[in-house]
Amino acid sequence: MITRIVLPAVAVLGVLLAIHSVLPYDVSLKAGKPVFKSKSPPTSTPLQSPPEQPSRFRASIHGMGLVESQRENIPIGTPVPGLVVEVYVDGRPDYQPPHKRVGDRVAKGEPLFRIDDRDLKAELQTREAALLAAEAQLRRLVRMPRAEDVPPAEAAVEEARAKLFDSEAAFNRDAQLYERKMLAASDHDRSRYAVQAAKAALARAEADLAKLKAGAWKEDVEVQRAAVAEARSRVESVKILLERLVVRAPVAGEVLQVNVRPGQLATLSWKEPMVVIGEVQRLHVRVDVDENDLFRFREGVPAVATLKGRPEPEFPLQFVRIEPYVIPKRSLTGDNSERVDTRVLQVLYALPDSPPARVYVGQQMDVFLDVGGS
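Residues numbered from 1 in each chain as written. Predicted model: local features only at pLDDT ≥ 70, side-chain atom pairs only at ≥ 80, totals over all residues. Heavy atoms only, no water.

Enquirer: Can you help me understand the sheet that holds strand E18 (residues 364-370) in this one?
Expert: Within a beta sheet, neighbouring strands are joined by backbone hydrogen bonds and run either parallel or antiparallel to one another. Spatially, E3-E14-E17-E16-E15-E18 is the arrangement adopted by the six strands of the closed barrel, whose pairing is antiparallel. Across the sheet, the mean angle separating the axes of adjacent strands is 40° when strand polarity is ignored. The pairing of strand E15 (residues 303-307) with strand E16 (residues 314-328) spans four bridges and is antiparallel. Paired with Thr306 across the bridge in E16 is Glu314. (Pairing = 2+ DSSP bridges. Helix = DSSP H or I, 4+ residues; strand = E, 2+ residues; numbered from the N terminus. Axes fitted to C-alpha atoms, helices over the stretch in contact; angles between N-to-C directions.)

Enquirer: So what exactly am I meant to see when it comes to helix H2 (residues 118-142) here?
Expert: Along its 25 residues, H2 runs 36 Å from first to last C-alpha, staying within 8% of the 36 Å computed at 1.5 Å per residue. Every buried residue of H2 is listed here: Leu120, Leu124, Leu131, Ala134, Leu138 and Leu141. Each element contacted by the buried residues of H2 is listed here: helix H5 (218-244). (Expected span 1.5 Å × (residues − 1). Buried < 20%, exposed > 50% of the residue type's maximum accessible area, 1.4 Å probe, protein only. Contact = heavy atoms within 4.5 Å.)

Enquirer: Honestly, a nonpolar patch on the surface in this entry has me stumped. Any pointers?
Expert: On the surface, Leu83, Val85 and Leu265 cluster together to form a nonpolar patch covering roughly 250 Å² of accessible area. Within the secondary structure, Val85 sits in strand E5 (residues 82-87). (Patch = residues over 30% accessible without salt bridge, like charges linked within 9 Å, V, L, I, M, F, W, Y side chains within 5 Å. Areas by Shrake-Rupley, 256 points an atom, 1.4 Å probe, with all protein chains shown as cover. Salt bridge = Lys/Arg side-chain N within 4 Å of Asp/Glu carboxyl O.)

Enquirer: Help me understand the environment of Glu243, please; the structure alone is not making it clear to me.
Expert: You can see Glu243 is positioned in helix H5. Along the sequence, Glu243 and Asp117 sit 126 residues apart, while their C-alpha atoms lie 9.6 Å from each other. Here Arg248 takes part through its side chain, which lies 2.8 Å from a polar atom of the side chain of Glu243. (Polar contact = N/O pair within 3.5 Å; in protein donor to acceptor, adjacent residues only side chain to side chain.)

Written as structure tokens, this is what we have:
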């Protein structure tokens, strides 16, 4: 009986319920006749409430705001490629002083990380040795002559003078013999030329002594000074390169993000900054004003920000400046009506010194600009 009556009845009832559930209207009996009534679609509830304009504004412009540091977020890379050998700021909670962690403040010029510098240190030693050699050569030229070099030169002058006296005496004897026809003319000429050679040798020895006492030539000293300056500049250039291998904080601020680790290869082209620093003592909000609302916008209008998706609490904002260059919109909200080619004007407002709630750099906020009087 169950298989012949109950099961077919259940099947028929299930089919009727299925048809009723898919029909766009309800069927009911009235006075023995079926009545068809359209079904009303169920009310959908949004997952997140849309931003609401503050009640004290008669009209406002809504824009998405992005929280950033007071001097903007500073992404820091490396000026030269190389292997990272030491990181002075790290995201690990167990990092010990003197190293810093994410969220700590760093002073201007404080080191952040260091690139491998072994090759430059070896080159620095070579160039410092060349500088020492050039300086020693300059000192040698400046201090000329050496005290030990003068006596031999003076002795050479005395020797040349003695040879001159000897040759003159010999010439005088030969001249007397030549007048008496007791000496050949060739011997007389030889003694006469020996006197001239002795005079020339004495003149040369005296000139060498004067040159030695005069010291180095002025132009030689200047050339060597230039060589010393060149060697010193080569040393300084290597020191500058070594200094560049230690990446330092350009300004004082808080370490917001660290994306570098020891052993990582630092390159000049990077997709994400290795370290991000910002001044968070007072935060700014960068508001994107749609180009379609620019005709209503006025510089310095009051503004209020709220946390994304929450009408409370409200953050009163203080106008800072306008960046007068309309750029393509980058932060999309996901609205179906939002166009990718939308362009926006960026306006900076400052959050209060004591905000009603904690906000973080990079957080999105709903910002309303009061244009009720426009």
